[in-house]
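Take a look at the letters that make up each chain.
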Amino acid sequence: MSDIYAAPAANLDLPRDDDPEAGSLERGIAGDYTFTIGEVLKEAWARSEGAKLTLNLAMLAYVVIYLAAAGIAEFALTPLIEEQPLIIAIAFIIFQQLFLLAIALPLAVGIFILGVRRAASAPIAVAQIFNHYHKLLSLLGANILMTIAIFIGFALLVIPGIYLAIALMFTLALVVEKSLSPLAALSASRKAVHVRWFPIAGFCLVLMLINAVAAIPLGIGLIWTVPFSVIACGVLYRRIFGCEPETLA
């Protein structure tokens, strides 16, 4: 797909999808991987060439679908909520949020997997974000467990919550890409990240700062930095956990 947002191409030799820098689930959990923030960002920038349009369209599709689902939920449920006793109204609100989560979560993970595919030199297409609804129940379970764990962590003097927010960042991707159960994905992500928590936290902070700066001029810079960030996360995931053949098919 052509890229109307193309930046000057970087003259880099990109690692192959079978390169020795690619990890595996077992090696990732054991902490047998290395990376530097600079290396990951450099590779992600090179891989952004020719991929920004696809990723931006995928994110636009996500936003449009989410807003449409939110509008439908608001239109259908708000009159019912207003007429019900408090307990039933709360139940409707919870159902509304679960409905929106069920629509959005597989799409959000699908965007992350696009970054993983790009990091492994596999072709990417907007329609691929719809490929993961068959894992919906596992994704919902993993997301609920993550939310509870991080909430409890923040309730315990904040620092444990910050630790878990970083340590569990690959949970949903592992549910989809490695077909792990919610509990196994939580455990695998925490164990893999724990070994190099500070470098990975630094990586996340750098991406946040890059996007914050890019958002200053009316958000125009996000056209470049958000796809770049998705690919950077994919590169880091590939270096830690590798990619399954089914992901690259």
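Everything here concerns the structure above.
What counts, and where the lines are drawn
Residues numbered from 1 in each chain as written. Predicted model: local features only at pLDDT ≥ 70, side-chain atom pairs only at ≥ 80, totals over all residues. Heavy atoms only, no water. Helix = DSSP H or I, 4+ residues; strand = E, 2+ residues; numbered from the N terminus. Buried < 20%, exposed > 50% of the residue type's maximum accessible area, 1.4 Å probe, protein only. Contact = heavy atoms within 4.5 Å. Areas by Shrake-Rupley, 256 points an atom, 1.4 Å probe, with all protein chains shown as cover. Patch = residues over 30% accessible without salt bridge, like charges linked within 9 Å, V, L, I, M, F, W, Y side chains within 5 Å. Salt bridge = Lys/Arg side-chain N within 4 Å of Asp/Glu carboxyl O. 1 Å grid on protein atoms, 1.4 Å probe; cavity = no way out; pocket = protein on both sides within 12 Å on 5 of 7 lines; lining within 4 Å. Points joined across faces, edges and corners; volume = space filled by probe spheres on them. Nonpolar A, V, L, I, M, F, W, Y, C, P; charged D, E, K, R; others polar. Axes fitted to C-alpha atoms, helices over the stretch in contact; angles between N-to-C directions. Parallel < 35°, antiparallel > 145°, perpendicular 65-115°, else oblique. Left-handed = near helix turned anticlockwise from the far one by under 90°.

A. Spotlight on the overall build of the protein. From N to C terminus, the protein includes 11 helices and zero strands. Across the protein, helices and strands are ordered from the amino to the carboxyl terminus as α-α-α-α-α-α-α-α-α-α-α. For the protein, the proportion of its 249 residues judged to be buried stands at 45%. Contacts spanning at least 24 positions in sequence make up 78% of the contacts within the protein whose residues lie at least 6 apart. In the structure as shown, the protein presents an accessible area of about 12,600 Å², 73% of it carried by carbon and sulfur atoms.

B. Broad picture of a nonpolar patch on the surface. A cluster of nonpolar side chains, namely Leu86, Ile90, Ile94, Leu98, Ile144, Ile148, Phe151, Ile152 and Leu156, defines an oily patch on the protein surface of about 890 Å² accessible area. Mapped by element, the contributors of at least two residues to the nonpolar patch are helix 4 (86-119) and helix 5 (136-155). For Leu156, the location among the structural elements is in the loop between helix 5 and helix 6 (159-167).

C. Here's a closer look at helix 6. Within helix 6 the residues assigned to the buried category are Gly161, Leu164, Ile166 and Ala167. Along its buried surface, helix 6 packs onto helix 5, helix 8 (182-195) and helix 9 (197-214).

D. Region of interest: the layout of surface pockets. Taken as a whole, the largest pocket holds about 570 Å³ of empty space. For the largest pocket, the lining is made up of 19 residues, of which Ala108, Phe112, Met169, Val230 and Cys233 are closest to its centre. Of all elements in the fold, only helix 4, helix 7 (171-177), helix 9 and helix 10 (222-241) reach the threshold of two or more residues within the lining of the largest pocket. Per element, the largest residue contribution to the lining of the largest pocket is five residues, and it comes from helix 4. Here the residues of the lining of the largest pocket are counted per class, giving 17 nonpolar, two polar and no charged.

E. View of unusual backbone geometry. Although it is not a glycine, Ser179 sits at a positive phi angle of roughly 55°. The topology assignment puts Ser179 in the loop between helix 7 and helix 8. For Ser179, a relative accessible area of 53% corresponds to the exposed category. With a phi angle near 60°, Leu218 is a residue other than glycine that sits in the positive phi range. The topology assignment puts Leu218 in the loop between helix 9 and helix 10.

F. Spotlight on the packing of helix 2 (residues 37-48) against helix 10. Relative orientation of the contacting elements helix 2 and helix 10 amounts to 125°, with a least axis distance of 8 Å. In terms of orientation, helix 2 lies oblique with respect to helix 10. Considering how the two elements wind past one another, helix 2 and helix 10 form a crossing that is right-handed. In this structure, helix 2 uses Glu39, Val40, Leu41, Glu43, Ala44, Trp45, Arg47 and Ser48 to contact helix 10, whose residues at the interface are Phe228, Ile231, Ala232, Val235, Leu236, Arg238 and Arg239. For the contact of helix 2 with helix 10, the class distribution of residues is nine nonpolar, one polar and five charged.

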